[in-house]
Amino acid sequence: MPELPEVETLCRQLNAILPGEKVLAVEILDPRLGEGEGERLIGRKIAAVYRRGKSIRIEIGKRDRLSDMSPETDRGKVKKIRMDKGFTAELHLRMTGRLFWQTDATSLPPYTRLVMTFSAGKLLLIDPRRFATFHARSRGAALPPLANPLEGLPARRLGEIAGMRRLPVKHFLMDQRIVAGIGNIYACEILHHACVDPRRPSGSLAANEWRKVEKAAAVILPRAVACRGTTVSDWRDLFGISGENQKHLKVYLRDGETCRRCGGKIGYMKLSGRGTWFCPACQK
DNA sequence: TATAATGTTAGACT
DNA sequence: AAGTCTAACATTAT
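Residues numbered from 1 in each chain as written. Chains lettered and ligands numbered in written order. Predicted model: local features only at pLDDT ≥ 70, side-chain atom pairs only at ≥ 80, totals over all residues. Heavy atoms only, no water.

## Section: the protein's contact with DNA strand C
No. 1: Around DNA strand C sit Arg32, Tyr111, Pro128, Arg129, Arg130, Phe131, Arg165, Arg166, Leu167 and Pro168, and that is every residue in its neighbourhood.
No. 2: The sugar-phosphate backbone supplies 61% of the atoms of DNA strand C found within 4 Å of the protein.
No. 3: In the model, a base nitrogen of DNA strand C is placed 2.6 Å from a nitrogen or oxygen of the arginine 129 side chain.
No. 4: In the model, a phosphate oxygen of DNA strand C is placed 2.8 Å from a nitrogen or oxygen of the leucine 167 main chain. (Near = heavy atom within 4 Å. Polar contact = N/O pair within 3.5 Å; in protein donor to acceptor, adjacent residues only side chain to side chain.)

Listed below in structure tokens is the structure:
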């Protein structure tokens with residue numbers, strides 16, 4: 001469920017809480033998430049949290065001085081432990097993953113799959129469908145940055161990449177290798193704002209149409225971040241609070257209702273296997 | 001009971 | 001070879 005604005009919301013909220021916090025425990029409750037992945041994070045401090053596309057990357061630093069001062073350890077060993085570069089815990093929420101910051105001693109909510117304990121609280125991964133992924137990797141070379149639609153989607157680049165491709169433009173915008181972070185809701189909304197029919201072959205868009213797509217993304221995505229995401233079913237932010245962006249939806253889930261721009265009737269169809277809402281009257 | 005769900009990807013098919 | 005399409009993953013809610 002979470003797309004760029006939702007993941008961005010979580011990252012910002014995590015960044016206000018986690019840096020400097022030490023990982024006290026990691027419990028993996030769903031074996032699909034990998035067995036010993038969490039062990040090596042224990043005793044380390046969070047440096048910062050970043051978003052890359054729809055992934056949440058928690059940068060975790062070197063082991064804290066006190067925690068590796070086991071008495072009588074030979075110095076070589078201690079040194080070795082502290083020489084590493086730290087880890088990155090990478091979370092991808094896929095369809096139904098959520099993060100929740102729990103600060104009271106209540107029991108874990110249903111479908112909790114992972115618990116990361118800090119002194120200030122517990123970070124829970126809740127995921128009914130169990131598609132979410134979690135990996136703790138030692139920090140290596142920085143990954144190449146993905147095109148970040150929050151920093152703008154240059155129309156020219158989009159046109160170049162689209163070339164002569166016949167892939168529907170909606171599918172094109174959702175290709176994470178091209179544009180990192182747009183999913184089904186925002187692809188529908190961006191194309192409606194840009195007045196472009198989602199079925200159009202991506203290679204058929206004229207330069208001015210890509211410019212409209214660029215502008216649409218620049219309106220829709222930052223507003224969705226400011227609204228802390230779109231709650232149409234189960235999306236909640238880190239503190240369990242619904243987003244507000246559903247108020248701004250023009251087509252998504254509005255099947256049969258009236259287009260607020262032209263008065264036409266919002267249509268629904270399956271495109272590339274995904275539900276697609278659009279206004280046939282004003283999206284050409 | 002059948003269907004769809006805010007994501008990704010392996011494998012099949014052009 | 002490269003582009004495109006489909007099914008599969010696991011589970012709930014309607």
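## A closer look at the domain arrangement of chain A
No. 1: Per the domain assignment, the segments of chain A are domain 1 (4-138) and domain 2 (149-278).
No. 2: A separation of 31 Å is found between the C-alpha centroids of domain 1 and domain 2.
No. 3: Opposite the 20 residues of domain 1 that make contact, domain 2 presents 22 residues.
No. 4: Buried surface at the junction of domain 1 and domain 2, both sides included, amounts to about 1,700 Å², of which 70% is carbon and sulfur.
No. 5: At the level of secondary structure, the elements contributing two or more residues to the side of domain 1 that touches domain 2 comprise helix H1 (4-15) and strand E5 (98-102).
No. 6: Broken down by element, the residue count for the side of domain 1 that touches domain 2 peaks at nine residues, all from H1.
No. 7: Considered class by class, the residues forming the side of domain 1 that touches domain 2 number ten nonpolar, four polar and six charged. (Domains from an automatic or database assignment. Contact = heavy atoms within 4.5 Å. Buried area = accessible area lost by both parts, 1.4 Å probe. Helix = DSSP H or I, 4+ residues; strand = E, 2+ residues; numbered from the N terminus. Nonpolar A, V, L, I, M, F, W, Y, C, P; charged D, E, K, R; others polar.)

## Digging into the pattern of salt bridges
No. 1: Evaluated as defined, the whole model comprises twelve salt bridges.
No. 2: Between arginine 200 and glutamate 209 there is a salt bridge, with its nearest N and O atoms 2.8 Å apart. Across the pair, glutamate 209 and arginine 200 agree in class, each one buried.
No. 3: The residue glutamate 257 makes a salt bridge to arginine 254 at a minimum N-O spacing of 3.4 Å.
No. 4: Accessibility expressed as a relative area gives 39% for glutamate 257, which makes it partly exposed.
No. 5: Assessed through its relative accessible area of 8%, arginine 254 is described here as buried.
No. 6: Among the ionic contacts, a cluster of salt bridges with common partners joins Glu8, Arg12 and Arg51. (Salt bridge = Lys/Arg side-chain N within 4 Å of Asp/Glu carboxyl O. Buried < 20%, exposed > 50% of the residue type's maximum accessible area, 1.4 Å probe, protein only.)

## Some remarks on the packing of helix H3 (residues 155-162) against helix H6 (residues 207-226)
No. 1: Closest axis-to-axis distance for the H3/H6 pair is 8 Å, and the angle between their directions is 125°. The orientation of H3 with respect to H6, classified from their angle, is oblique. Crossing hand, H3 versus H6: right-handed. Contact residues: Ala155, Leu158, Gly159 and Ala162 in H3; Trp210, Arg211, Val213 and Glu214 in H6.
No. 2: Of the residues assigned to the contact of H3 with H6, the class counts are five nonpolar, one polar and two charged. (Axes fitted to C-alpha atoms, helices over the stretch in contact; angles between N-to-C directions. Parallel < 35°, antiparallel > 145°, perpendicular 65-115°, else oblique. Left-handed = near helix turned anticlockwise from the far one by under 90°.)

## Details of the protein's contact with DNA strand B
No. 1: The environment of DNA strand B is formed by 22 residues, the closest being Met1, Lys54, His92, Val232 and Tyr252.
No. 2: In the environment of DNA strand B, a phosphate oxygen lies 2.7 Å from a nitrogen or oxygen atom belonging to the side chain of lysine 54.
No. 3: Between DNA strand B and the protein, one listed contact pairs a base oxygen with a backbone N or O atom of valine 232 at 3.5 Å.
No. 4: For the surface near DNA strand B, the elements supplying multiple residues, two or more each, are helix H5 (184-193), strand E9 (267-271) and strand E10 (274-278).
No. 5: Broken down by element, the residue count for the surface near DNA strand B peaks at three residues, all from E10.
No. 6: Looking at the surface near DNA strand B residue by residue, the classes come out as nine nonpolar, six polar and seven charged.

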